[in-house]
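Remarks on the overall topology
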Amino acid sequence: MTLATTANAPITSLRASTLSTLGLGSPLDCFRRGRLPMTPEEAVSAVFGPPDRRGSLVISGASGIVGAGKTMQLGSRLEPFGVRVVALDMPGAPDGIGRQYPGLVRAFGRDGADRVMSNITRLTYDGKSLPPQLREFDPRFLLEAIPEILDVKRSHYEAFRAEYPDLEIRSVTSGFPARELGVGVAHPAFPHEINKMWEMVEEPGRDEPSKIPALLWALGLVPVPVADHWSFVLDVIFCGVTQAAIRYHRASNMPYWKIDKWVRKILGPNPFRAHDAIGAKGANFLTWSCLQHLGEHYGELFTPTTELVERKESGQNWYPPNHLRPMVDWELDAAEQAELRAWLVGPMVQMASLMLEEERAHPALANAIGETCAQLSHGVLALARGLGLEGSRQVVSDYHQLHPAAAEGAWFPEALTALDGPAGQQLYVNAEHDGTVGSLTLSREAYNWDVDAELNRAIDWLKAEGIERVILSGDFHLATQLVGADTAEFFPALDDEEQGYRVSHAWSTTARRLHDEFATSVAFLHGKRCLGGMLELVLHCHYVVAESSVSLGFPEITLPVVPGMEGCHWPFRRTTADHWPRLSELLFSGRPVKAALAEGWLIDRAAPLDEALASAWELATGDGIDRRPLAEGAVETSALAAAPEGAAAAAIHGTIVASLSVPLAEALEQQSRHSGRFMPSPECRGGVVGQTRNRVERV
């Protein structure tokens, strides 16, 4: 019988959900309601009007890099709802929209691309007065992407407000606060046509979330509210790491392209290559602009170097042509590496303290922006948290020894103590409950050691709260898919079998808690896909419910690695031998299967979204189908087909046989040993994981 007492009970959270920052409530409420907070149709109607009176989206500066990318991204999502996109720019502007067409064809096919393009109307204007024919399109939302010149932007808004006083206006600015612009901010992350994350600031005077963040969220994008400070979060990080790299160049005379390799190894991004990829002329100006304003407010931590000022004027690329870039080693001894680390990590931690002091964003959001948009291996808050308070103080002190002027402002070491609280400790995993049913939500799409530690803490918290029923899912905000394990965590295992064993054994032990420590556990999958280690994780739940269109798979053989979170025996123990060929196909081919085709042998139920949400809630509260049994004894493997050719297939097949041939209590050890043993093999070291490590770590 369903536990009726949970229907309207108040929700207690380990930390505030990021979904709530959009005014969209709690993930647990999505399950209790059996629907998401808002449908795309509802969100579109709220902004553009009902279907019989749809207004339009206007993108000004639509021929530029940002404007053209957003024209494609929003146009493709709004076309099915009958919202016309008006692309506005100056006469003679380069055809940025036309350059987007091949990518649109790749994404939607030629017919789909043509349909999207036919829904875009291009208009030109003189920059002062609006074209009169714009009125026939009934503008409801203006996304401004004109150059970063404050007076020009303000005049632009005045012209639109004079004609359309009720128009929603957002600027794509990467640096100007809303209070300076007089309008709200919707700053999209690069690359503009594919990255879904947008930094959002409401228009001055508004305290509650408006209709625009909800619109972007309902269209499948990732709006992230940030505070109204210069350069928000992303460009503090991205421009900041660029500045740090330039300062190291000044100190060492190391070429920019070689510094990029060290930055990638230590932090993750390639800031100089990113500038060249965006287009150095425009990107150099934007970085200079952000740093110039930040420097005026916060001092020498941000003040642009002369090299950046020069390249802002010249538009020169940071990377020379290949024939002028000899691939020579640039050896650094231990002391030199420590100095480089101080130049790079010190300012990042100092910037983290500034963002915490000013509360620039929900900590999980600030951290995610660094990873998703600035391409940090670990977000700035996770980086500082990993160093600890004393380690953070020390690396900033080392940096200040090298750059004393940076110590004169924007350093708030005490703010880092916030990382010891729930919001700082749970950057990737949150937990909620209503007194009876709990939820565990993942906001990082790839599993790593941080996620593992946070998941264990979240489980501990639910257990301490007396919760015996739980739903595991993405967070309905930051995680639009669950792609598997973060393969960077495998790098140490390529040289040391015990490190591979450690990863497999520890992560599998965490996954088993979902099965062993709750009376009922339900995994819920929605979005694009759930693959690899993330799929192995959720399969440990007593039930798995998925939206029908979700892709499920084990791509490990394509890397190649041996699935290390019990994928080589747990799914086999949960189904009958007549379904083993399907599981073997997943493991040996690496090709995914749609959830609708995996019901009954890999997962328990697949359904359209609302039905799947309701089903997950029914199962968590006690109603629904019987559990598929889990074979706890040794399992006869004679029905298992022979392995395909290849060392990786042989290793996976051997792991299946060894792990099934012993009782469940011993299977984790078998699986972990086999997985760890394959990591240092020539096949793994020569595959995707090994090649990626070489690219990242060889400088």
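Everything quoted here is computed from the prediction, not taken from an experiment. (Residues numbered from 1 in each chain as written. Predicted model: local features only at pLDDT ≥ 70, side-chain atom pairs only at ≥ 80, totals over all residues. Heavy atoms only, no water.)

Brief notes about the overall build of the protein chain
For the protein chain, the helix and strand inventory stands at 26 helices and 20 strands. A total of 699 residues make up the protein chain; the buried ones form 60% of that total. A sequence separation of at least 24 residues applies to 76% of the contacts in the protein chain between residues at least 6 apart. Of the roughly 26400 Å² of accessible surface on the protein chain, a fraction of 52% belongs to carbon and sulfur atoms. (Helix = DSSP H or I, 4+ residues; strand = E, 2+ residues; numbered from the N terminus. Buried < 20%, exposed > 50% of the residue type's maximum accessible area, 1.4 Å probe, protein only. Contact = heavy atoms within 4.5 Å. Areas by Shrake-Rupley, 256 points an atom, 1.4 Å probe, with all protein chains shown as cover.)

Some points on helix 7 (residues 211–218)
The buried fraction of helix 7 is high, at seven of eight residues. Within the span of helix 7, buried status applies to Ile212, Pro213, Ala214, Leu215, Leu216, Trp217 and Ala218. At its buried positions, helix 7 is contacted by helix 2 (40–48), helix 3 (65–78), strand 5 (139–144), strand 6 (168–171), strand 8 (197–201) and strand 9 (222–225). For helix 7, the side-chain oxygen to backbone nitrogen distance between the N-cap and Ile212 is 3.4 Å, and the N-cap itself is Ser210. The first or second residue beyond helix 7 is Gly220, which carries a positive phi of 90°. (Polar contact = N/O pair within 3.5 Å; in protein donor to acceptor, adjacent residues only side chain to side chain.)

Concerning the domain arrangement of the protein chain
Domain annotation of the protein chain identifies domain 1 (40–225), domain 2 (234–322 + 330–423) and domain 3 (428–631). Computed from C-alpha atoms alone, the centre-to-centre distance between domain 1 and domain 2 is 30 Å. Contact residues are listed per partner, giving 13 residues for domain 1 and 13 residues for domain 2. Between domain 1 and domain 2, the buried area comes to about 1200 Å², and carbon and sulfur atoms account for 70% of it. On the surface where domain 1 and domain 2 come into contact, there are zero salt bridges. (Domains from an automatic or database assignment. Buried area = accessible area lost by both parts, 1.4 Å probe. Salt bridge = Lys/Arg side-chain N within 4 Å of Asp/Glu carboxyl O.)

Side note on the nonpolar core
Core analysis: the biggest nonpolar cluster contains 168 residues, and Leu440, Leu537, Leu552 and Leu602 have the highest contact counts within it. Formed by 58 residues, the second largest nonpolar core is a distinct cluster that contains Val44, Val116, Leu216 and Trp617. (Core = buried A, V, L, I, M, F, W, Y, C linked by side-chain atoms within 4.5 Å.)

Brief notes about helix 2
Buried residues of helix 2: Ala43, Val44, Val47 and Phe48, and no others. Projected onto a plane normal to the axis of helix 2, the buried residues spread over an arc of 105° and lie on a single side. Elements that come into contact with the buried residues of helix 2 comprise strand 2 (56–60), helix 3, strand 5 and helix 7. Positive backbone phi, at 95°, marks Gly49, one or two positions downstream of helix 2. (Arc of directions from axis to C-beta.)

Some words on the sheet that holds strand 6
Spatially, the eight strands line up as an open sheet ordered 4-3-2-5-6-7-8-9, and their pairing is mixed. The open sheet has two edge strands, strand 4 (120–124) and strand 9, and neither has a second partner. Strand-to-strand, the axes of this sheet are offset by a mean angle of 25°, without reference to chain direction. Where strand 5 and strand 6 come together, four bridges link them in parallel fashion. Across the sheet, the residue bridging to Glu144 is Ser171, located in strand 6. Across the sheet, helix 2 lies against strand 2 and strand 5, angled at about 95° from strand 5, the strand it touches most. (Pairing = 2+ DSSP bridges. Axes fitted to C-alpha atoms, helices over the stretch in contact; angles between N-to-C directions.)

A word on the pairing of strand 6
Residues of strand 6 alternate between two faces, with Glu168 and Arg170 on one and Ile169 and Ser171 on the opposite face, all of them buried. After leaving strand 5, the chain enters helix 5 (residues 150–163) and then returns to the sheet as strand 6, a path that is right-handed. The sheet contact formed by strand 6 and strand 7 (residues 184–188) spans two bridges and is parallel. Among the inter-strand pairings, Ser171 is bridged to a residue of strand 7, identified as Val185. (Right-handed = clockwise from strand over helix to strand, strands pointing away.)

Looking at the side chain of His187
Along the chain, His187 falls in strand 7. Discounting residues that sit within four places of it in the chain, His187 has contacts with Ser171, Val172, Thr173, Ser174, Met197, Trp198, Glu199, Leu234 and Asp235.

A word on the packing of helix 9 (residues 256–266) against helix 13 (residues 334–358)
As a packed pair, helix 9 and helix 13 sit with axes 11 Å apart at the nearest point and diverge in direction by 80°. Considering the angle they form, helix 9 stands roughly perpendicular to helix 13. Two secondary-structure elements touch here, helix 9 through Trp262, Val263 and Ile266 and helix 13 through Gln337, Leu340, Leu344 and Val345. (Parallel < 35°, antiparallel > 145°, perpendicular 65-115°, else oblique.)

Section: the sheet that holds strand 20 (residues 605–607)
Read across the open sheet, the seven strands follow the order 1-10-11-13-15-17-20; overall the sheet is mixed. Here the strands that pair on one side only, and so sit at the sheet edges, are strand 1 (12–13) and strand 20. In this structure, strand 11 (residues 437–442) lies alongside strand 13 (residues 469–474), joined through six bridges in parallel fashion. Its bridge partner lying in strand 13, Gly438 is registered against Val470.

Focus: the pattern of salt bridges
Tallied over the full model, the rule gives 37 salt bridges. Glu203 serves as the salt-bridge partner of Arg170, at 3.0 Å between the closest nitrogen and oxygen. In this pair, Arg170 sits in strand 6 while Glu203 sits in the loop between strand 8 and helix 7, placing the two residues 33 residues apart along the sequence. Just as Arg170 is buried, Glu203 falls in that class too. Between Arg673 and Glu498 there is a salt bridge whose closest N-O contact spans 2.9 Å. Note that Arg673 is positioned in helix 24 (residues 664–678) and Glu498 in helix 18 (residues 497–516), a separation of 175 residues in sequence. Note on Arg673: relative accessible area 25%, which makes it partly exposed. Looking at Glu498, the relative accessible area reads 41%, which means it is partly exposed. Here the salt bridges share partners, and the residues they tie into one network are Glu168, Arg170, Glu202, Glu203 and Arg206.

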